[in-house]
Amino acid sequence: MNDPTFFGGGPRSRALSFRMPSALAGWLAVAAATLSSGLARGDEKPAPAQRPNILFLIADQHNAKFLGCGRVVPVKTPNLDRLAREGVRFTSAVTNDPICTPSRVTYFSGQYVHNHGCYGLSGPSIDPLPNVLGHFRAAGYKTAAIGKIHCPLHWIENDSDVFREVYADLAPDFRCPYDDYLKKLGLEKLRDDVLQIRDARPSRLPYEHSVEHWCVEEAMKFIDSCGPKPWIMQVSLPRPHMAYIPARKFWDMYDDATIWLPPNVDADLTDKAPHLRAMRRAEEQGAAASRFGRKTYEALRHRRQHGYLACVTQVDYAVGELLNYLDQHGLAQNTIVLYTSDHGDFGCEFGLLEKAPGICADAVCRIPCIWRWPGHIPAGRVCDRIVQPVDVAPTFCALAGVPPMRTADGEDLTPLLAGEDRQVHPIGVTEHPWSKAVLKGHWRLVYYPRGFFGKTEHGGDFGELYDLAHDPWETKNLYFDPRYRDKVHELQRDLLDWLVTTAHVKTVWPRIPPRTAAVPQGANPEFFYQQEADGKLSWRDVKAMKNLDYK
């Protein structure tokens, strides 16, 4: 700990100050006391204070309204409700991208999507971009990624002591250990979580052989293997993503006759985006090809909602198994737990049965986000400040006393976790290549470039603006109402400022020379610039420049 850069005190401190949370300050006090007493006894190597473990739980496509503790949707989530009672629940957590891989890359890298550049599913390796598992591994942690990882090729695998991808088509060798598990039991033909359909029914597999329970078992094996070493692990639970096929025990927890549907399920779509209206028409027409019940659109969406609710409860049950394991093995007090999702889901809002086109809806852009660390994070707090996946890696580092990731864009959330009420992000942005959604307070703007939809009834212009304070179900698009033009312009300017001021660059003028004497002898220094591990220059470094105007 003699390294002056360990807690952000090196060259980067001019661009980003490191605020030490009270919980971490207490951890350091214990470490200092241990060191002092050890030296007094003449011990040569005093035992360091134990660093916390990190259990990063992420579901796929969990709509933030579908939490029992949120009291919006009648869904059974006793374990997530318990986690919220014992920690901090954020109600304005916004995903940085509405589809799987881009969001997951943001969680692991701490970078905004326009900086890491991954807008599609899977894809080639994105080395040398650092990820949080490799960063913690270098700090002495054991690392694991288990479940639906769904990241670019070899990016997470190479930094994981244990790597278990549960879908063969997402694995680099097209093999999946969960498939091998089912084959040994003669159950491989019963696997049905791989079906990419919008229909729903009970699974043919019992929960004890489900992909979620398999992930839980593998996670427990990893923890057992770590011994006294600290560990960080992502457990990525595949549900409630379609197909909506939960184990029978969870399906039966819901009465088919009283399944909840949102109040905007049949809302007027006149002012909605053209691709949302097209998706609704496709859902209605596709009902005739549904596979598991009555082939009407009304029956399909009812059945789908039944399956989705039960899938959320199945994920909740898996979370409960892991929380109980931590309790039973005396690990809960020294384990940071985060539960969140890569993105949300329409949850039958506007009659839509999946997440596309996700940028349109708060239901897809808003995600659950619950943090717990007993004795360090105050229990039972609900925070409405905007937070984002980009913040996860920096916050893990701050809580665990690991050096910050220089390539990360996000903010350290420890002040909010400690109970402070402050703004860490003036806006939250969900990105797609040619569209962006902006959340600011209770206002939400969806930006599309002029001509994005071709010619519409509004000419070449189209956008969406919602007042969530008075219209939480987004039934009235205010974008074309002249009374709200100033609000549209305000949010558009906020978005433009954010895009400009958060971009990573390869070089900048005036030139920022390397931090060390990295220019070879006799070489022209004009060709050597300061760069981070990803080969770029962070916006924080640019912001710290004395002369941003190159004149």
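Residues numbered from 1 in each chain as written. Predicted model: local features only at pLDDT ≥ 70, side-chain atom pairs only at ≥ 80, totals over all residues. Heavy atoms only, no water.

Caption draft 1: Expanded view of the overall build of the chain. Check the secondary structure of the chain and you find 15 helices and twelve strands. Over its C-alpha atoms the chain spans a radius of gyration of 24 Å, differing by no more than 12% from the 24 Å that the globule rule assigns to 551 residues. C-alpha extents for the chain along the principal axes are approximately 75 × 60 × 45 Å. The buried share of the chain, reckoned over its 551 residues, is 57%. Of all intrachain contacts in the chain linking residues separated by at least 6 positions in sequence, the fraction that spans at least 24 positions is 71%. With an accessible surface of roughly 22,800 Å², the chain has 54% of that area assigned to carbon and sulfur atoms. Looking at charge distribution, the chain has the averaged site of its 65 positive side-chain charges lying 1 Å from that of its 66 negative ones. (Helix = DSSP H or I, 4+ residues; strand = E, 2+ residues; numbered from the N terminus. Rg over C-alpha atoms; globule rule 2.2 N^0.38 Å. Buried < 20%, exposed > 50% of the residue type's maximum accessible area, 1.4 Å probe, protein only. Contact = heavy atoms within 4.5 Å. Areas by Shrake-Rupley, 256 points an atom, 1.4 Å probe, with all protein chains shown as cover. Lys, Arg positive; Asp, Glu negative; His and termini not counted. Charge placed at Lys NZ, Arg CZ, Asp CG, Glu CD.)

Caption draft 2: Looking closely at helix α9 (residues 274-286). Counted at 1.5 Å a residue, the expected span for α9 with its 13 residues is 18 Å, and the 18 Å between its end C-alpha atoms agrees. For α9, the complete set of buried residues consists of Leu 276, Arg 280 and Glu 283. The buried residues of α9 occupy an angular sector of 60° when the element is viewed end-on, so they sit on one face. Where α9 is buried, its residues meet α10 (297-328). (Expected span 1.5 Å × (residues − 1). Arc of directions from axis to C-beta.)

Caption draft 3: Region of the structure containing the packing of aromatic side chains. Using the criterion set out here, one finds 24 aromatic pairs in the structure. A connected cluster of aromatic rings, assembled from ring pairs, spans Tyr 448, Phe 452, Phe 453, Phe 462, Tyr 479 and Phe 480. Its end group placed over the ring of Phe 292, Arg 201 keeps NZ or CZ at 4.7 Å from the ring centre. The positively charged end of Arg 511 is found above the aromatic ring belonging to Tyr 529, 5.8 Å away from the centroid. (Phe/Tyr/Trp six-rings, centres within 6.5 Å; stacked < 30°, edge-to-face > 60°. Lys NZ or Arg CZ within 6 Å of the ring centre and 35° of its normal.)

Caption draft 4: Main features of the sheet that holds strand β10 (residues 435-440). Spatially, β9-β10-β11-β12 is the arrangement adopted by the four strands of the open sheet, whose pairing is antiparallel. Unpaired on one side and paired on the other, β9 (428-432) and β12 (463-467) mark the two borders of the sheet. Strand-to-strand, the axes of this sheet are offset by a mean angle of 10°, without reference to chain direction. In terms of strand pairing, β9 meets β10 through five bridges, oriented antiparallel. (Pairing = 2+ DSSP bridges. Axes fitted to C-alpha atoms, helices over the stretch in contact; angles between N-to-C directions.)

Caption draft 5: Up close: the side chain of Arg 372. Inspection of the secondary structure puts Arg 372 in strand β7 (residues 369-372). By relative accessible area, Arg 372 is classed as buried at 1%. Of the polar contacts made by the side chain of Arg 372, one reaches the side chain of Glu 86; its length is 2.6 Å. Setting aside chain neighbours within four positions, we find Arg 372 in contact with Arg 82, Leu 83, Glu 86, Gly 87, Leu 323, Leu 326, Ala 332, Thr 335, Ile 336, Val 337 and Ile 377. (Polar contact = N/O pair within 3.5 Å; in protein donor to acceptor, adjacent residues only side chain to side chain.)

Caption draft 6: Representation of empty space enclosed by the protein within the structure. Summed over the entire model, instances satisfying the criterion amount to five cavities of 30 Å³ or more. A per-class count over the lining of the largest cavity returns nine nonpolar, two polar and one charged. (1 Å grid on protein atoms, 1.4 Å probe; cavity = no way out; pocket = protein on both sides within 12 Å on 5 of 7 lines; lining within 4 Å. Points joined across faces, edges and corners; volume = space filled by probe spheres on them. Nonpolar A, V, L, I, M, F, W, Y, C, P; charged D, E, K, R; others polar.)

Nothing here speaks to function; it is all geometry.
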